[in-house]
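Next come the chains, spelled out residue by residue.
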Amino acid sequence: MNSLLLVSLVGFITATPVADELLSVNIVIRHADRTATSGWATPQSPQILFRGNGELTDDGIDNAFAQGKDFKERYVKSDFIDKRFLPTEVFVRSSSVNRCLMSAASFTNALFKKTPKDHAVVPPIYTKDLEQDGLLVPLLTCEDGWEDVITRFNLSSNVDVQKTALVAMMMTQWPAACSTVNPALVDAIVSELPNKKINLPANYKSCAEGPAKEFMYKYIELLAGAGDHYNEVRIKRVAGLLTTELLSNFAAVANCTTVPCPGQPKMRIYYTHDVNILALSHIFGVLGRFNGVTPAFSSSLVFETRRNANGPYVKAS
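Per an unreviewed UniProt entry, the protein carries the name acid phosphatase and comes from Pristionchus entomophagus. UniProt, in the comment section headed Catalytic activity (unreviewed entry), describes the protein in these words: "a phosphate monoester + H2O = an alcohol + phosphate". The heading Sequence similarities (unreviewed entry) in the UniProt record of the protein holds the text "Belongs to the histidine acid phosphatase family."

(A) Structural context of the state of the cysteines. Using the criterion set out here, one finds two disulfides in the structure. A disulfide bridge connects Cys 178 with Cys 207, and the sulfur atoms are separated by 2.1 Å. Taking the torsion about the sulfur-sulfur bond, which here is approximately 100°, the covalent link between Cys 178 and Cys 207 counts as right-handed. Of the two residues, Cys 178 sits in the loop between α5 (161-172) and α6 (186-192) while Cys 207 sits in helix α7 (residues 202-208), which places them 29 residues apart along the sequence. Across this residue pair, the class does not change: Cys 178 and Cys 207 are buried. Should the bonded cysteines of the protein be numbered as they appear in the sequence, the pairing reads 1-2, 3-4. No disulfide involves Cys 100; its sulfur sits 20 Å from the nearest other cysteine sulfur, which is in Cys 142. Residue classification places Cys 100 among the buried positions, given a relative accessible area of 0%. Given the relative accessible area of 26%, Cys 142 is considered partly exposed.

(B) Looking closely at the packing of aromatic side chains. Scanning the entire structure with this criterion turns up 10 aromatic pairs. Measuring from centroid to centroid gives 6.0 Å for Phe 107 and Tyr 271, while their planes differ by 70°, and the two rings are edge-to-face. With Phe 107 in helix α3 (residues 98-109) and Tyr 271 in strand β5 (residues 267-272), this pair connects stretches of sequence that are 164 residues apart. This pair shows no difference in class: Phe 107 is buried, exactly as Tyr 271 is. Both rings, one in Trp 174 and one in Phe 215, keep their centres 5.1 Å apart while their planes meet at 80°; by these two values the pair is edge-to-face. Pair noted here: Trp 174 is in the loop between α5 and α6 and Phe 215 is in helix α8 (residues 211-224), with a separation of 41 residues, a long-range link. Assigned by exposure class, Trp 174 and Phe 215 land together as buried. Above the plane of the ring of Phe 80 lies Lys 266, whose end atom (NZ or CZ) is 5.0 Å from the centre. A cation sits over an aromatic face here: Arg 268 above Phe 91, 5.8 Å from the ring centre.

(C) Up close: the pairing of strand β6 (residues 300-308). Of all nine residues that make up β6, seven are buried, and the element is covered over most of its length. Relative to β6, strand β2 (residues 21-30) runs antiparallel, the two sharing eight bridges. Of the residues in β6, the one forming a bridge with Ile 29 is Ser 300.

(D) How the structure looks around the layout of surface pockets. In this structure, the largest pocket occupies an estimated 970 Å³ of space. Along the walls of the largest pocket sit 32 residues, with Thr 37, Arg 99, Leu 140, Leu 223 and Val 275 positioned nearest its centre. Secondary structure elements with two or more residues in the lining of the largest pocket: α5, α6, α8 and α10 (274-283). Among the elements that line the lining of the largest pocket, the one with the most residues is α8, at five residues. The residue makeup of the lining of the largest pocket, split by class, is 16 nonpolar, eight polar and eight charged.

(E) Looking closely at the pattern of salt bridges. Summed over the entire model, instances satisfying the criterion amount to 14 salt bridges. Note that Arg 306 is salt-bridged to Asp 20, the shortest N-O span being 2.4 Å. Linking Arg 306 in strand β6 with Asp 20 in the loop between β1 (5-7) and β2, this pair joins segments that are 286 residues apart in sequence. In this structure Arg 306 comes out as buried when scored by relative accessible area, which is 13%. Between Arg 84 and Asp 82 there is a salt bridge, with the nearest N and O atoms lying 2.7 Å from each other. With relative accessibility at 18%, the residue Asp 82 sits in the buried group.

Conventions and cut-offs
- Residues numbered from 1 in each chain as written.
- Predicted model: local features only at pLDDT ≥ 70, side-chain atom pairs only at ≥ 80, totals over all residues.
- Heavy atoms only, no water.
- UniProt positions renumbered as here; feature names shortened; annotations may be inferred.
- Disulfide = S-S within 2.5 Å.
- Helix = DSSP H or I, 4+ residues; strand = E, 2+ residues; numbered from the N terminus.
- Buried < 20%, exposed > 50% of the residue type's maximum accessible area, 1.4 Å probe, protein only.
- Phe/Tyr/Trp six-rings, centres within 6.5 Å; stacked < 30°, edge-to-face > 60°.
- Lys NZ or Arg CZ within 6 Å of the ring centre and 35° of its normal.
- Pairing = 2+ DSSP bridges.
- 1 Å grid on protein atoms, 1.4 Å probe; cavity = no way out; pocket = protein on both sides within 12 Å on 5 of 7 lines; lining within 4 Å.
- Points joined across faces, edges and corners; volume = space filled by probe spheres on them.
- Nonpolar A, V, L, I, M, F, W, Y, C, P; charged D, E, K, R; others polar.
- Salt bridge = Lys/Arg side-chain N within 4 Å of Asp/Glu carboxyl O.

In structure tokens:
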């Protein structure tokens, strides 16, 4: 990438040069609050979370919209992006899973000025069929690349390793602080914890507030091939295409002689899943910022390509 410099965290930058120009921004976001992909924490949960398992909740819609307003303050009200929405400036790509598409719609719903008749301006959201989307959907069904997991948990087969490894982790690594909680409910209690309408039992709540999130982090790390479970095959499979696309985006505007760069959107937004976010964070050296707990809903990685007197660089936060 020639002179392109990756700065791993905004917090590491001690001073901003006086002449510092923003060229483009790439945003990778986990979908907003969803229900558990299976199971419920309480008997009331299915009625309160009426869209069903794995779907975006009303809190998720509201939180994605609020996050969009935050990004509006940063990039639209600063006049980096036109408040009327120009298709040449903003590109939105999402996993085709409902919760990602709905999160992308809610997020972008907040970005731009409404029409004269007070209707929201929502950019087109591009996607691909689930089975064909190697960019934003974690590919976890291949039977190769799991040798380290098979050895670690003494598994008998390379078929459905992601599922059998989870069972093995539940049997051997389930937190003592969660001993009164059925491990099969781990996703449900963590997902439903923020919902104020759901009254989790005290033992569920104490488990979900910390130990369960740490357990889920370890499992997602395993799936991603990241961190303590680093595996080159898995991490490339999960985040290789997206990393390549991001680097290409950075280089395209960094090597451009004009701002804006012809044919290059100023803002690219990618909506994806926790496994992808974790793998990408490992690749860009910011994995430690999760502090060993599963990525929160709406977690985002923001890459600003900028130029100062020393040349172009990328600031990641």
